[in-house]
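Each chain, written out:
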Amino acid sequence: MLKTVQSLFNGFLGAVSVTSIEFPATQVPSSNPNTLDDYEEGTWTPSIGRSSTFGTYTPGVLDGGAYTKIGNVVYFSGRADGSSSGASGGVWVVRGLPFPTVNNASIGRGPCLIIENDVTLSNSRIMQGTNDIQAPTLVDTAATRYFSGFYYIS
Amino acid sequence: MTIEQKIEVVSIEISKNGIVHVVTEESFMVNKVVKSKTQNRQGFVPGDDVSAQPQNVQAICNVAWTSEVIAAYKNNIGV
């Protein structure tokens, strides 16, 4: 049975074994809503600034993030302890989400949990058509910050 | 036994609204055999300061981020 499944998949996906399915590095999008067309996992690099003039971010030693993309959904978590300088205008954002969010006001926005110095920040949200998480109540000095969430891509 | 680390930019992706993602791959090799591989994504939006990035990333951003693209991006996010 496994051999049969493997033979079937080989025609569509390239390298397939009974223990893993390998997708191409660059997604080949499918218009069929019942088709899984991508999987990717990795790390990403978060930084903090303001949405108008981002400024310069000095990272903390434990900064970093991880993500898993399954089809058109990205799950992520991260940490950004550093401080920002020269930022102005707009609102505070965590920038650098691993893929752009879908540019759609209905599904491109979503909640994101940010904990800064043991306090959950209110009104933090993923923004449509960006790779930003808006965090209006974030402070601009070095702090311990964790975040996680998920979002849709186009 | 030789242990090597290799970090290289494997792709630079540009979305429709000008967001640039730089994909970097880090490999660890023992005696030329890859033992582990991880991938990192770093994202930049139109108008970001990319002066600390590799030359090819700067060049692509400079071409992609016209004043119209930057203005359209900022207008879309409302700043």
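Residues numbered from 1 in each chain as written. Chains lettered and ligands numbered in written order. Predicted model: local features only at pLDDT ≥ 70, side-chain atom pairs only at ≥ 80, totals over all residues. Heavy atoms only, no water.

This part is about unusual backbone geometry. Residue and element names in this part refer to chain A. One non-glycine residue, D118, lies in positive phi territory at about 70°. Mapped onto the elements, D118 comes out in the loop between β9 (113-116) and β10 (119-120). Despite not being glycine, N123 has its phi angle at roughly 65°, a positive value. Mapped onto the elements of the fold, N123 is located in the loop between β10 and β11 (125-126). (Helix = DSSP H or I, 4+ residues; strand = E, 2+ residues; numbered from the N terminus.)

With that settled, the discussion passes to the packing of aromatic side chains. Residues and elements named next belong to chain A. Per the stated rule, a full pass over the model turns up 5 aromatic pairs over all chains. When the ring of W44 is compared with that of F147, the centres are 5.9 Å apart and the planes differ by 50°; the resulting orientation is tilted. Taken together, the residues span a long stretch of sequence, with W44 in strand β1 (residues 39-44) and F147 in strand β13 (residues 145-152) at a distance of 103 residues. The two residues W44 and F147 agree in class, both being buried. The rings of W44, F76, F147 and Y151 are connected pair by pair, giving a single aromatic cluster. (Phe/Tyr/Trp six-rings, centres within 6.5 Å; stacked < 30°, edge-to-face > 60°. Buried < 20%, exposed > 50% of the residue type's maximum accessible area, 1.4 Å probe, protein only.)

What follows is about the pattern of salt bridges. Residues and elements named next belong to chain A. With the rule as written, the count across this model stands at 10 salt bridges over all chains. Between R79 and D81 there is a salt bridge, and its shortest N-O distance comes to 2.7 Å. Here R79 and D81 have matching classes, each one buried. (Salt bridge = Lys/Arg side-chain N within 4 Å of Asp/Glu carboxyl O.)

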